[in-house]
Amino acid sequence: MSLQGQYLGMNVAIPDLDQPNQEFYTHCGQGVLHLQACVKCNLLRYPTTTACPWCSEPESAWMPVSGKGTLYSYGEVHHAIQPAFRQFTPYLILLVELDEQRDTPSPFDGLRINGNLADASGELATPELVETVGIGSRLRVVFKSIGDGMAIPLWTPDTEIEQESPWRYPDN
Ligand SMILES: [Zn+2]
């Protein structure tokens, strides 16, 4: 058995053996981003894993997080390998640093989550929206339901605050 969903016409299957990812995407399906917190050192982590990357403790507990963060880095895809993404090029692959646990456990660490840019309803961003974000943009998580109680997290500009001018890679 597995959880079965669909995204952009592609099948998504997460087998029962992969309990951590089933739980991660099911929490997303319920509308609140959760991350695993180590029961020994208390550090949150991403991506989901079966042991703490800092202290190796296997036990963890799911903790809700704010789902707000800052764009730490990004890549812009102009040639989509997945056919389902071709209609959305150029699109961004984001690395979002969450507000929780910045500079922890060292000044070079933080909770950084990859994902795509979307509008407020979770649809992949138009090129016009893509042009508005860059490094430093304030983002919040949105969810796109994919079925079987699951959703995938995507990121959209936080419109409740005034955005400072983000840094973008120069055009060639
Ligand atoms: Zn730990």
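Going by the structure above, here's the rest.
This text gives an overview of the structure that appears in the document. Just so it is clear, the model here is predicted, and its values are computed rather than measured. (Residues numbered from 1 in each chain as written. Predicted model: local features only at pLDDT ≥ 70, side-chain atom pairs only at ≥ 80, totals over all residues. Heavy atoms only, no water.)

1. Digging into the overall build of the protein chain
Along its length, the protein chain carries two helices and ten strands. Ordered by position from the N terminus, the helices and strands of the protein chain form the series β-β-α-β-β-β-β-β-β-α-β-β. By the compact-globule yardstick of 16 Å for 172 residues, the protein chain fits well, its C-alpha radius of gyration being 17 Å. Overall, the C-alpha framework of the protein chain stretches about 45 × 40 × 30 Å when taken along its three principal axes. Counting across all 172 residues of the protein chain, residues that qualify as buried make up 40%. Sequence-distant contacts, at least 24 apart, represent 52% of the contacts inside the protein chain between residues at least 6 apart. Accessible surface computed for the protein chain: about 9,600 Å², of which carbon and sulfur atoms make up 52%. If the 10 positive side-chain charges of the protein chain are averaged to one point and the 21 negative ones to another, these points end up 2 Å apart. (Helix = DSSP H or I, 4+ residues; strand = E, 2+ residues; numbered from the N terminus. Rg over C-alpha atoms; globule rule 2.2 N^0.38 Å. Buried < 20%, exposed > 50% of the residue type's maximum accessible area, 1.4 Å probe, protein only. Contact = heavy atoms within 4.5 Å. Areas by Shrake-Rupley, 256 points an atom, 1.4 Å probe, with all protein chains shown as cover. Lys, Arg positive; Asp, Glu negative; His and termini not counted. Charge placed at Lys NZ, Arg CZ, Asp CG, Glu CD.)

2. Quick look at the sheet that holds strand β6 (residues 68–77)
Where strands meet in a sheet, backbone hydrogen bonds hold them as pairs that are either parallel or antiparallel. Across the sheet, which stays open at both edges, the five strands sit in the order β8-β7-β6-β9-β10 with antiparallel pairing between neighbours. Both outer strands of the open sheet, β8 (112–116) and β10 (150–157), are each paired with one neighbouring strand and no more. Within the sheet, the average angular offset between the axes of one strand and its neighbour, ignoring direction, is 40 degrees. The sheet contact formed by strand β7 (residues 91–98) and β8 spans five bridges and is antiparallel. Residue pairing across strands places I93 opposite N116, the latter belonging to β8. Of the strands in this sheet, β9 (138–147) and β10 touch helix α1 (residues 19–29), which is tilted by about 65 degrees from β10. (Pairing = 2+ DSSP bridges. Axes fitted to C-alpha atoms, helices over the stretch in contact; angles between N-to-C directions.)

3. Remarks on the coordination of the zinc ion
Protein-derived ligands of the zinc ion are C38 (SG), C41 (SG), C52 (SG) and C55 (SG), with the metal-ligand distances lying across 2.3 to 2.4 Å. Relative to the metal, the four donor atoms surrounding the zinc ion lie at angles of 102 to 121 degrees, and the coordination shape comes out tetrahedral. Every donor residue of the zinc ion comes from the same chain, spaced as C-x2-C-x10-C-x2-C. Of this pair, C38 sits in strand β3 (residues 34–38) while C55 sits in the loop between β4 (44–45) and β5 (60–64), and the two are 17 residues apart along the sequence. (Donors = N, O, S within 2.8 Å, 3.2 Å for Na, K, Ca; no water. Tetrahedral: all angles 85-135°; square planar, octahedral: opposite > 155°, others 65-115°.)

4. Let's talk about α1
Those residues of α1 lying buried are P20, Q22, F24, H27 and C28. Where α1 is buried, its residues contact β1 (2–7), β2 (10–15), β3, β5, β9 and β10. Positive backbone phi, at 90 degrees, marks G31, one or two positions downstream of α1.

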